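Next come the chains, spelled out residue by residue.
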Number of protein chains: 6
Amino acid sequence: MNDPTTPVIRITSRSHFSAAHRLHAEGRDEAWNRETFGKCNNPHGHGHTYELEVTVEGPIAPETGWVMDFKDLKQIVAERIVKQCDCRNLNSDVPFLAGIVPTAENLAVRFWEQLEGAIPGARLVRVALHETEQNQAIYTGGR
Amino acid sequence: MNDPTTPVIRITSRSHFSAAHRLHAEGRDEAWNRETFGKCNNPHGHGHTYELEVTVEGPIAPETGWVMDFKDLKQIVAERIVKQCDCRNLNSDVPFLAGIVPTAENLAVRFWEQLEGAIPGARLVRVALHETEQNQAIYTGGR
Amino acid sequence: MNDPTTPVIRITSRSHFSAAHRLHAEGRDEAWNRETFGKCNNPHGHGHTYELEVTVEGPIAPETGWVMDFKDLKQIVAERIVKQCDCRNLNSDVPFLAGIVPTAENLAVRFWEQLEGAIPGARLVRVALHETEQNQAIYTGGR
Amino acid sequence: MNDPTTPVIRITSRSHFSAAHRLHAEGRDEAWNRETFGKCNNPHGHGHTYELEVTVEGPIAPETGWVMDFKDLKQIVAERIVKQCDCRNLNSDVPFLAGIVPTAENLAVRFWEQLEGAIPGARLVRVALHETEQNQAIYTGGR
Amino acid sequence: MNDPTTPVIRITSRSHFSAAHRLHAEGRDEAWNRETFGKCNNPHGHGHTYELEVTVEGPIAPETGWVMDFKDLKQIVAERIVKQCDCRNLNSDVPFLAGIVPTAENLAVRFWEQLEGAIPGARLVRVALHETEQNQAIYTGGR
Amino acid sequence: MNDPTTPVIRITSRSHFSAAHRLHAEGRDEAWNRETFGKCNNPHGHGHTYELEVTVEGPIAPETGWVMDFKDLKQIVAERIVKQCDCRNLNSDVPFLAGIVPTAENLAVRFWEQLEGAIPGARLVRVALHETEQNQAIYTGGR
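This text gives an overview of the structure that appears in the document. Note that this is a predicted model, so its numbers are computed, not measured.

The rules behind each value
Residues numbered from 1 in each chain as written. Chains lettered and ligands numbered in written order. Predicted model: local features only at pLDDT ≥ 70, side-chain atom pairs only at ≥ 80, totals over all residues. Heavy atoms only, no water. Contact = heavy atoms within 4.5 Å. Buried area = accessible area lost by both parts, 1.4 Å probe. Salt bridge = Lys/Arg side-chain N within 4 Å of Asp/Glu carboxyl O. Polar contact = N/O pair within 3.5 Å; in protein donor to acceptor, adjacent residues only side chain to side chain. Nonpolar A, V, L, I, M, F, W, Y, C, P; charged D, E, K, R; others polar. Axes fitted to C-alpha atoms, helices over the stretch in contact; angles between N-to-C directions. Helix = DSSP H or I, 4+ residues; strand = E, 2+ residues; numbered from the N terminus. Parallel < 35°, antiparallel > 145°, perpendicular 65-115°, else oblique. Left-handed = near helix turned anticlockwise from the far one by under 90°. Least-squares fit on C-alpha atoms with pLDDT ≥ 70 in both.

Our next topic: the interface of chain B and chain A. At the interface, 24 residues of chain B touch 24 residues of chain A. When chain B packs against chain A, the two sides together hide about 1,700 Å² of surface, and 47% of this comes from carbon and sulfur. Between the two partners, chain B and chain A, sit 4 salt bridges. Notably, a salt bridge pairs Lys39 of chain A with Asp86 of chain B, separated by 3.0 Å at the nearest N-O pair. Counting every contact that joins chain B to chain A gives 25 residue pairs in polar contact (both at pLDDT 80 or more). Residue classes in the side of chain B that touches chain A are distributed as 4 nonpolar, 12 polar and 8 charged.

This is how it looks when you write it as structure tokens:
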């Protein structure tokens, strides 16, 4: 981003994965969990067809005209997130999700951590995760 | 449908529910199940945000101008299907799904059976179930 | 459709219009209307961004490779329906809707009547009208 | 937001309501209104199936893993906006909309005012209102 | 389909591909082509992000609970259509499209021919091709 | 924006156009282009049904209640972009796209330049261009 005349732009890659989860805090008892999470605490879990949008920002490379190849961004998201989460149980099957209640919010943060620093030539700026058509979490790296 | 001048029309109600499932045939061993269902046989399950379309057909009632109130159709689908499946595990938690592999196809047939004969003044003609944006099963009652 | 080797195919044109309506049967009193239509009987009306799908069927013309130009179908739907209904009140402003309760079902039938016989070289086979993402009426001309 | 290691995240809840409206400025005469608002000034009104997205921001609560329960956010939006606007005429039936031309822009601002300060544990950051698939207004509280 | 108690069901697989095309009939002169196809006859072509829905019908296999694996259906469509059309010019680059004006209608028929008889255990019943959100062709094999 | 009590709001207009393009850098040889752009370098091009979202920001005018008429914004986008790109080849047919590789990123920047300063009473703040359901570029004017 040294050349001040180069446009800086964002690109978004959208993926899907299908996974089970259960909202349950390990450190609390059953009564608290049922009270807090209601139907989402169902012992055998439920699931979602998750929609994941990953957005990165960078200068447009003069020769190619892109920030990076959409194909490469999709591939990085597939390797680091989709292949590990698709057809999985997010409470038990995904190492990088260990130790959290798998809410949309916590998933978005962990997905951010999986991707940050892993995208050559572009900067991660936004992870949006849709659980349903109604519910979405958006993380932009803030604390 | 006695009056031959009355238009006969279809109405569709669209709902969603979020559920876990695992493709696994109880009568077969683990090797067969893994070989047949692949990732979808994952022991801890996965899940979907299911989209369900229920279509009924009937004559337009002359005074109201409808086949039936959309609200009533939605309510019947909610009582008989959505409330029983939402935030559930379809392999273990739903009595009317007992004894099947919970594929989209088998779910559509059982949903049909839950609804057939339960919709006053209209005839069930189509149940469509989307697991993802790519995969859909459609049952119209045929054998 | 004389040449039995010519494929017969359907094409669908999708349009939108924004209109107000009120579910109210003129021949019945206020109490009956409130009881029957509930919130949809609200005296000042409510409205929808309607989505309309019109499907016609015909043989593929050998030289052009189409049933008819999508542009022409869209234009006929625009002239006969969209321009007359968009930004209108369906209870009071559209002559061809006079005398009906403007339910999705009745609208679909009247739209069918507006289009039938008006599409050169193709046969009207389906009118689908979405009031919302959840509610849809589909008319195929049956009585 | 005291703990600087806690991620701060946004969640969005999406709802729908169906309402009538008419673009008409009470303080101006008919000619000005017709000239300014065109078809949207139609005396009997028109309407939309509105899509409303409400976004709030807050720290992820360590025990629950969420900013707030999606269900609670949806409920607040339902109580304060959807139930009051659904199946209504926005010019005449909704007290908190009195005195405005009910454009998408003015609706978004009034919806913001209905919600601001009413969401425990999170800060309202964005209200987006879609009238159609083509037209959308987005308010983030700025003046 | 020998067992008359087995439900017969349909499944749909949805795919996308991005291609260029030009509406132009080789056997006619430039004037006729311009007059007939208008903007779509533009000499350098235009293009679409095509959405393709392929539907097959068959009995539910008792052990697996499916007509066929969604994954297998998707793979067949990918091999026979998507990989050959994606990032291609439909007028010049796809052998099985030679000799036609690449309208949505003609594409749907050729796609049908590519798939018919190639899907083990199920019968092809519907090919739907969307050029845009407004325009769609649907072929069910009729002549 | 002089009155500090006037809300400042954004409105978005969404349009579509269908165009062909080929990713190819004129200044580099065939081998480099094939290596860099892969399938997207196909000599005869491919295409997309592009979805374009244009967002502007401004104060709500007190009398009308809008930033500007949605109709006017749509018209400006139609004149300056959609009519020039629809049914065109973006490599050869659109003067304001000369000299670039027509990636989504470069298109978004040129569309920004076509619109900046051309929208009375509002400030351009965002151009988003979708090539497919998966790939999107977003430009907000930054360098």
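After that view, the rundown keeps rolling.
The relative placement of two packed helices comes down to the angle between their axes together with the axis-to-axis distance. Residues and elements named next belong to chain E. One way to put it is that helix α2 (residues 70–85) packs onto helix α3 (residues 104–115) with a least axis distance of 9 Å and a crossing angle of 140°. Compared by their axis directions, α2 and α3 come out oblique. Like other packed secondary-structure pairs, α2 and α3 cross with a definite hand, here right-handed. Across the interface between the two elements, Ile76, Val77, Arg80, Ile81, Gln84 and Cys85 from α2 touch Phe111, Gln114 and Leu115 from α3. Its residues placed into classes, the contact of α2 with α3 shows 6 nonpolar, 2 polar and 1 charged.

Two chain copies, one operation linking them: a rotation about an axis together with a shift along it. Of the two same-sequence chains, chain C is brought onto chain B (RMSD 0.0 Å, axial shift 0.0 Å) by a rotation of 120°. Considering both components of the superposition, the chain copies are consistent with a three-fold axis. Residues of chain C ranked by C-alpha distance from the rotation axis are headed by Glu133 of chain C, positioned 8.9 Å from it.

A positive phi is found at Cys87 of chain B, a non-glycine position, where the angle reads about 65°. Mapped onto the fold, Cys87 of chain B is located in the loop between α2 (70–85) and β3 (88–89).

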